Amino acid sequence: MVKLIIPHVLDTENATLYIIQSFIRTLIYIFKGEKVLLTIMTLSLTRIDYMAVGSTSRGTTKLLPTPDPKQQTQRFVVGDHDGILHICGMKKDELQIIFKSLPGPKVNGISLGGVLGTQKDKIFVAVGNSVKGYTRRGKVFLEFDTNLLEPISAMCVLGPDLSACAKDLYHRYHDCRDADAYLVGERVIDVLLLPGEGSAVVAVLACGDCAVRVLHGGRTPTLLRLTTIPTILMPYREADVESKDRILVGTTDGRVGLLTLQRDKTLRVTWLLSNNGAEITSLDTYELQDGVDILVGRQNGVIEVFAFPEEDDTTPVLRFRHNCGESVSTVVGGIVGAVGYPEVLATTYSGRIFGLTTKPPGLLEVDQDIGLMTKLKIEIDQLEQKKNQQKESFDVGTDALAPPILNVNHRMLINKENASYTLSIELETSIDNILLQSDTPVDLLDVESNSAVASLSACDHKSGNYVLATYRCQINTNRLDLRLRTIEGQPGCLQIYVTSQIHAWLSLALPDVPERPHLEDGEGTLIFTSTFVGTMLKCNYKKGNAIFLSENISSIIILRDILTGEATKRKIRLDVFCNIANGSISRVLDLVLPRIEAARAIKEKVKILDALQEWELNTNPEQLCPKYQELLENESNLRAELVKDPDMLQRLYGTITDLYVDWERARGGQIVTSKTATEKLRPSLESRDLTLLLQIFNGNNSAAETPVPRLQQN
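The shown structure was predicted, so the numbers you read here are calculated from the model rather than taken from an experiment.

### What about the environment of Phe144?
Link 1 in the chain: Mapped onto the secondary structure, Phe144 falls in strand β11 (residues 140–145).
Link 2 in the chain: In this structure the C-alpha to C-alpha distance between Phe144 and Val131, which are 13 residues apart in sequence, comes to 5.2 Å.
Link 3 in the chain: Excluding residues that lie within four positions of it along the chain, Phe144 makes contacts with Ser130, Val131, Tyr173 and Cys176.

Spelled out as structure tokens, the structure:
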């Protein structure tokens, strides 16, 4: 038997159905003689907007269980940055607010709990460093002060146990009494409690050092290292029953994986989706249609539904994708709008709450449509009156030009593919303009999803301004992605750190440095790989001593300048010694020269294509030689590669130029400017002659080079 899966999101239009039917007939013809099992992983969901609240944090929307989901819809609870807790539900096809608390401190998180073995219908709300408990009707039954010094950043409830995390501290309470605590030493992003043997509790922590830790009893925690930072942990759920050993995990680079908790309390990666995207902000599992689905919410506003794999050796298949235009705070599956129609309930950063329902559109009767339109008109009139009242009560005062204070949600992540940074800026209201200023050279790159109009202003470098840009956004834009590329060795904004520890200084030059070092025998080790050149940097440091190893002398010089600068500001004596291996130059050139050759080749081929187009020789390719025919066949790929990074060749030239300048500085020779280095290296770069380049670096000395060992990443 042949089993085929079509992993596409398909429409339900007649034309598409005709294509599917034709495709099925083709498959039956090809596999004639064998039984063909065709599975089409499609899902059609319709968006329904419910309400809007204040700005929300991640994981602050939950669906309350119901005794009989086949006969009634579920209520949902949501908390916002205004400190207001809403409990809402459907009644007579209308969304009604069952409970609404008074404003207060920002709601950091919400978790559901209850007696073990029963439905989780108790609401636990994290506010500051305290936890409040509410019933499903909004009655307060618990006010608990955790005595944590910092606000609660992650929380989970399991029966009588409550875990609360603040920065790098994990604390668990049993019946509101201290049970155990653990100083992680790294920022705790999310926490999950799982039942252990007997009355024991297993805690799983997602940490900012790319690790997932498992705490069980008083033993040393087990640790699973990931390639990126985990952002969310969620137990696998099927029919409101949560698994005790299967955990979904999301990461900053957009991956979704399934972890299995084994008997020895270690974690095993069962599968991990390789399709990278925006950061994962929310996860859930629910049976929408034809099996259990994985619900995924992302930082860029994309909501995805994957079919959960039946076997561990297979990966999920995409069934549905929707872009809501702003970052997603929470996605959760349930039955909200109509009985018998599962849906995805989603909440955005600005507080919009909507559902993606399996209920087909257009099922309302005519009378219901008329009644709905009447209600909408009444709501619009009420909103207009409320807006006019707000305008009348708004007192501008004497400082009419003072801008309002807005909450800004921002993230800055490195892109490994093109060695750049993506800066995401989001407001709870529409963005009019964004001003970008830099006191160091920064390249602003185009972003496909960015519809804002950019305007660059002339800058006076002597006054400390290198980049001054304004982004004018389109109407109703509350989220904007900016992509920028920096120049190594040219820092911008100066930041002062209280600690003089060298680990903290590294964050001035290197991305994603953990907040605290991981020491083995009193020594810490960090290994970085250049996303552009491909060289590696190994940092070994301990009290009173640090050793940095790299094939690229520019990386060493940049670090030396930053560390000596920080030591000078703090009046700390720092002795620096630099040992040079001549073979490191050939290592870097071996990496860069082939890329220069490839970049030049693409440019030359595009020039030939432009010439063929200008002379109209591309209309009859059969009259051209095979070489030109091959170019015309690959024209789209060549032009796309050039458009992807048109300045690649100049950037590679700049890398070798900087390498020569830093090489002379490291050897203690004469000071060489970038202009002088460019003129000196231009002939050898244009000829791509490795021997000639090495002679220039070695001062025309053709002596045998000292080989440099290649660094291996652990």
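Now, onward.
### As for the packing of aromatic side chains
The relation between two aromatic rings is expressed through the spacing of the ring centres and the mutual angle of the planes.
Link 1 in the chain: Throughout the structure, instances matching the rule amount to six aromatic pairs.
Link 2 in the chain: Look at Trp271 and Phe308: their rings are 6.1 Å apart centre to centre, the planes differ by 70°, and that puts the pair in the edge-to-face class. Here Trp271 is found in strand β23 (residues 267–272), whereas its partner Phe308 is found in the loop between β26 (302–307) and β27 (317–323), with 37 residues between them in sequence. Of the two residues, Trp271 and Phe308, both sit in the buried class.
Link 3 in the chain: Three or more aromatic residues joined by ring pairs make a cluster, and in this case those are Tyr236, Trp271 and Phe308.
Link 4 in the chain: A cation over an aromatic ring shows up here: Arg47 above the ring of Phe354, its NZ or CZ 3.8 Å from the ring centre.
Link 5 in the chain: When the ring centre of Tyr236 is taken as reference, the NZ or CZ atom of Arg246 above it lies at 5.0 Å.

### Focus on the sheet that holds strand β24 (residues 280–286)
Link 1 in the chain: One open sheet holds the four strands; their spatial order is β24-β25-β26-β27, and the pairing between them is antiparallel. On the outer flanks of this sheet lie β24 and β27, each paired with one strand and no other. Between one strand axis and the next, the sheet turns through 20° on average, direction left out of account.
Link 2 in the chain: When β26 meets β27, the two strands line up antiparallel, connected through six bridges. Across the sheet, Ile303 pairs through a bridge with His322, a residue of β27.

### Re the pattern of salt bridges
Where charged atoms from two side chains of opposite charge come close, those side chains can pair.
Link 1 in the chain: Per the counting criterion, the structure on display carries 21 salt bridges.
Link 2 in the chain: Across the pair Lys120 and Glu242 runs a salt bridge, and its minimum N-O distance is 3.2 Å. Separated by 122 residues along the polypeptide, Lys120 in the loop between β8 (107–113) and β9 (122–127) and Glu242 in strand β21 (residues 241–251) bring together distant segments of the chain.
Link 3 in the chain: Relative accessible area serves as the criterion here: at 37%, Glu242 is assigned to the partly exposed category.
Link 4 in the chain: Several salt bridges share partner residues, and in doing so they unite Arg58, Glu279 and Arg411 into one network.

### Quick word on the sheet that holds strand β5 (residues 76–79)
Link 1 in the chain: If you walk across this open sheet you meet the four strands as β4-β5-β6-β7, and the pairing is antiparallel. Edge positions in the open sheet fall to β4 (61–63) and β7 (94–100), since each of these has one partner strand only. Pairs of neighbouring strands in the sheet enclose a mean axial angle of 25°, with direction left out of account.

### Let's talk about helix α5 (residues 583–614)
Link 1 in the chain: Helix length check: α5, at 32 residues, gives a terminal C-alpha distance of 47 Å against a target of 46 Å (1.5 Å per residue), a fit within 8%.
Link 2 in the chain: At Asp590, α5 shows its maximal kink, close to 25°; a proline, Pro594, follows between one and four residues later.

### Topic: the confidence of the model for the protein chain
Link 1 in the chain: When pLDDT is averaged along the protein chain, the result is 80, and 83% of the positions lie at 70 or above.
Link 2 in the chain: Segment residues 393–404 is flagged for pLDDT under 50; beyond a separation of four residues in sequence, or across chains, it makes zero contacts in the model.
Link 3 in the chain: With pLDDT under 50 throughout, residues 701–714 is counted as low confidence; its partners more than four residues away or in other chains account for 26 contacts.

### Some details on the pairing of β9
Link 1 in the chain: Summarising burial for β9: five of the six residues are buried, a large majority.
Link 2 in the chain: With six bridges joining them, β8 and β9 adopt antiparallel strand pairing. Within β9, the residue paired with Val107 across the bridge is Val127.
Link 3 in the chain: Two strands pair when backbone bridges link them, and β9 and strand β10 (residues 130–134) are joined in this way by five bridges, in the antiparallel orientation. Across the sheet, Phe124 pairs through a bridge with Gly133, a residue of β10.

### Points about the packing of helix α8 (residues 648–667) against helix α9 (residues 674–687)
Link 1 in the chain: Two elements in contact, α8 and α9, have axes separated by 9 Å at closest approach and are oriented at 120°. One way to sum up the angle between α8 and α9 is to call them oblique. In the crossing of α8 with α9, the sense of the turn from one axis to the other is right-handed. Where α8 abuts α9, its residues Tyr653, Ile656, Thr657, Asp658, Tyr660 and Val661 lie against Ser674, Ala677, Thr678, Lys680, Leu681 and Leu685.
Link 2 in the chain: Of the residues assigned to the contact of α8 with α9, the class counts are seven nonpolar, three polar and two charged.

### Concerning unusual backbone geometry
Link 1 in the chain: Look at Asn147: it is not a glycine, yet its phi comes out positive at around 65°.
Link 2 in the chain: On the secondary structure map, Asn147 appears in the loop between β11 and β12 (154–158).
Link 3 in the chain: The exposed category is assigned to Asn147, whose relative accessible area is 62%.
Link 4 in the chain: Here the phi dihedral of Cys176 falls at roughly 65°; this positive angle occurs in a residue that is not glycine.

### Some thoughts on the nonpolar core
Link 1 in the chain: Residues Leu506, Cys539, Phe548, Ile596, Ile656, Leu681 and Phe697 are the most contacted members of the largest nonpolar core, which totals 43 residues.
Link 2 in the chain: Listing elements by their share of this core, those giving two or more residues are α3 (502–506), β39 (523–529), β40 (536–542), α4 (553–569), α5, α8, α9 and α10 (690–697).
Link 3 in the chain: Looking at this core, the element that brings in the most residues is α8, giving nine residues.
Link 4 in the chain: Not counting residues up to four positions away in its chain, the partners in contact with Cys539 are Leu510, Gly524, Thr525, Leu526, Phe528, Ile547 and Phe548.
Link 5 in the chain: Core analysis: the second largest hydrophobic core is formed by 29 residues, Ala154, Val184, Ala206 and Leu261 among them.

### Some details on the side chain of Arg172
Link 1 in the chain: Its location among the elements puts Arg172 in strand β14 (residues 169–174).
Link 2 in the chain: Judged by its relative accessible area of 14%, Arg172 falls in the buried class.
Link 3 in the chain: Engagement of the side chain of Arg172 in a polar contact is seen with the side chain of Asp161, the distance being 2.5 Å.
Link 4 in the chain: Polar contacts involving the side chain of Arg172 include one to the side chain of Asp180, which spans 2.6 Å.
Link 5 in the chain: Setting aside chain neighbours within four positions, we find Arg172 in contact with Asp161, Leu162, Ser163, Arg177, Asp178, Ala179, Asp180, Leu193 and Val201.

### Description of the environment of Pro361
Link 1 in the chain: Mapping Pro361 onto the fold places it in the loop between β30 (352–357) and α2 (366–393).
Link 2 in the chain: Taking the C-alpha atoms as reference points, Pro361 and Leu45, 316 residues apart in sequence, are found 9.3 Å from one another.

### Here's the deal with α8
Link 1 in the chain: For α8, spanning 20 residues, the distance from its first C-alpha to its last is 29 Å, which sits close to the expected 28 Å at 1.5 Å a residue.
Link 2 in the chain: Within α8, 14 of the 20 residues are buried, which leaves the element mostly enclosed by the surrounding structure.
Link 3 in the chain: Positive phi appears at Gly668, one or two residues downstream of α8, with a value of about 75°.

### Describing the side chain of Asp209
Link 1 in the chain: Turning to its location among the elements, Asp209 is positioned in the loop between β17 (201–207) and β18 (211–216).
Link 2 in the chain: A relative accessible area of 4% means that Asp209 is categorised as buried.
Link 3 in the chain: Within polar-contact distance, the side chain of Asp209 engages the side chain of Arg213 at 2.9 Å.

So, how was this worked out
Residues numbered from 1 in each chain as written. Predicted model: local features only at pLDDT ≥ 70, side-chain atom pairs only at ≥ 80, totals over all residues. Heavy atoms only, no water. Helix = DSSP H or I, 4+ residues; strand = E, 2+ residues; numbered from the N terminus. Contact = heavy atoms within 4.5 Å. Phe/Tyr/Trp six-rings, centres within 6.5 Å; stacked < 30°, edge-to-face > 60°. Buried < 20%, exposed > 50% of the residue type's maximum accessible area, 1.4 Å probe, protein only. Lys NZ or Arg CZ within 6 Å of the ring centre and 35° of its normal. Pairing = 2+ DSSP bridges. Axes fitted to C-alpha atoms, helices over the stretch in contact; angles between N-to-C directions. Salt bridge = Lys/Arg side-chain N within 4 Å of Asp/Glu carboxyl O. Expected span 1.5 Å × (residues − 1). Bend = angle between axes of the 7 residues up to and from the residue. pLDDT = per-residue confidence, 0-100. Parallel < 35°, antiparallel > 145°, perpendicular 65-115°, else oblique. Left-handed = near helix turned anticlockwise from the far one by under 90°. Nonpolar A, V, L, I, M, F, W, Y, C, P; charged D, E, K, R; others polar. Core = buried A, V, L, I, M, F, W, Y, C linked by side-chain atoms within 4.5 Å. Polar contact = N/O pair within 3.5 Å; in protein donor to acceptor, adjacent residues only side chain to side chain.

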